Amino acid sequence: MKCVMVLYHYFPWGGLQRDFARIAREAVARGHQVQALVSEWQGEPLQGVTITTVPVRGQSNHARMARFAAGVQQYLAETPHDRVLGFNRLPGLDVYFAADSCFAEHVAGKPGVVRWLPRYATYLKLEHQVVAESGPRLLFLNEHQRDQYRAHYALPESRYQVLPPGVEADRRRPANHAALREQIRTALGVASEVPLLLFLGSGFKVKGLDRALAAFATLPSQAHLMIVGNDEAAPYLRDLQAATRERIHVLGPRDDVPALMQGADLLLHPAYRESAGMVLLEATVAGLPVLTTDTCGYARYVQEAGSGEVIASPFEQAALNTMLQTMVERVPGEWQANALRYAESPQLYQLAQNVVDAVEAGR
């Protein structure tokens, strides 16, 4: 089978991009031909995957996405293929991996005129094409996301399924975890007994770096924080006191995330919204306690595992500050032991297999 996998932008550090890579590797392992269709590819190619770039231009994100959608349609019309798996809201898909929250839900509380603005109109149109009766099979990442879509669109059960989470096995706590912890802390100049927090994610605004830094600034003076991800941290650090900035390590995108998780004492992830939040499960199976917000789809697994604490909506900064202080005083506490027990669950590692099964089955 020739499978076209469509993703607007591939880079090796994003959660969606890692899902893309896992699914592509699973498809290749089953003997399928995989064609990646992207506007931009950063990083090394994936073995067995052919990459085709659709050039896009435009002054805004929504204009570029609209042009990408048109380019994808043209490519599919001209190129023989058997299945199309999309990771963005696009026309012409057979299966849609629903990485984004329901856009209709996003605009529901806004004034009606907002729907006519170019940005909102573009994304709503793309979403309508995905949920149309003739549209693809939808693969939701969690029940909350499914319920959002069903609140706005008439989707029969035959059109969708909810996927299990899919953590890479290399995120689990390795046998040399103590050596990795010492290695990371030595590189940063942080002693073993000093609290070391990890903020991890690309797209610092949505992931809540401002919230994380506000909470971190309330901690005792010896605590340190690692900021890891493909984004610019400087604007968020500008208003912090010099003594606080000195304890913050901006590391950029990294390929050694499993080691960083072993070096840290706690994952701080107070995101504004996130359909899934794979990093929450990655931290859990690594034995790293988690502090997050209930607006992340995978926060339910943190609660189910007992691997951390979840700040309820509506969000209050004071609640995050207080809980962070409490957790820093207690880590690893029972959170780590609970997390490591939860990591034994085999269903945590089966997302890629389920997605390829759905692609093989078609609509």
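Worth saying up front: this structure is predicted, and the values here are computed from it rather than measured. (Residues numbered from 1 in each chain as written. Predicted model: local features only at pLDDT ≥ 70, side-chain atom pairs only at ≥ 80, totals over all residues. Heavy atoms only, no water.)

Some words on the overall build of the protein
Rules: Comment: elements are numbered from the N terminus, with helices defined as DSSP H or I runs of at least four residues and strands as E runs of at least two. Radius of gyration here is computed from C-alpha atoms only, and the compact-globule reference equals 2.2 Å multiplied by the residue count raised to the power 0.38. Exposed residues in this analysis have more than 50% of their type's maximum accessible area, buried residues have under 20%, and partly exposed residues fall in between, with area computed by a 1.4 Å probe over protein chains only. Note on contacts: a residue pair qualifies if any of its non-hydrogen atoms lie within 4.5 Å across the two residues. Residue burial considers only the protein chains on display, and all accessible areas are found by Shrake-Rupley using a 1.4 Å probe. Positive charges are assigned to Lys and Arg, negative charges to Asp and Glu, while His and the chain termini are left out of the count. Note that the charge is assigned to NZ on lysines, CZ on arginines, CG on aspartates and CD on glutamates.
Looking only at helices and strands, one finds 16 helices and 15 strands in the protein. A compact globule built from 363 residues should have a C-alpha radius of gyration of about 21 Å, and the protein, at 21 Å, falls within 12% of that. Projected onto its principal axes, the C-alpha positions of the protein cover 60 × 50 × 35 Å. Within the span of the protein, comprising 363 residues, buried residues form 53% of the whole. By sequence separation, contacts in the protein at least 24 residues apart represent 64% of the contacts at least 6 residues apart. Accessible surface, the protein: about 15900 Å² in total, of which carbon and sulfur atoms supply 48%. Where the 35 positive side-chain charges of the protein centre and where its 37 negative ones centre are 5 Å apart.

Notes on the layout of surface pockets
Short version of the rule: A cavity, in this analysis, means grid points on a 1 Å lattice covering only the protein atoms where a 1.4 Å probe fits yet has no way out; a pocket is instead an open set bounded by protein on both sides within 12 Å along at least five of seven lines, and a residue lines either one if it has an atom within 4 Å of a point. Grid points are joined across faces, edges and corners, and a volume is the space filled by probe spheres set on the points. In the scheme used here, Gly and all other residues not listed as nonpolar or charged are polar, with Ala, Val, Leu, Ile, Met, Phe, Trp, Tyr, Cys and Pro taken as nonpolar and Asp, Glu, Lys and Arg as charged.
Roughly 210 Å³ of volume is contained in the second largest pocket. Looking at the lining of the second largest pocket, the elements that each hand over two or more residues are helix 6 (177-188) and helix 11 (257-263). When residues in the lining of the second largest pocket are grouped by element, the largest group, three residues, is from helix 6. Residue classes in the lining of the second largest pocket are distributed as eight nonpolar, four polar and three charged.

With respect to the pattern of salt bridges
For clarity, the cut-off: A carboxyl oxygen of Asp or Glu within 4 Å of a side-chain nitrogen of Lys or Arg is what we treat as a salt bridge.
Summed over all chains, the structure comprises 19 salt bridges. Across the pair Asp 170 and Arg 171 runs a salt bridge, and its minimum N-O distance is 3.4 Å. With a shortest N-O distance of 2.7 Å, Asp 265 and Arg 185 are connected by a salt bridge. In this pair, Asp 265 sits in the loop between helix 11 and strand 13 (266-269) while Arg 185 sits in helix 6, placing the two residues 80 residues apart along the sequence. A single network of salt bridges, built from pairs that share partners, joins Arg 18, Asp 170, Arg 171 and Glu 282.

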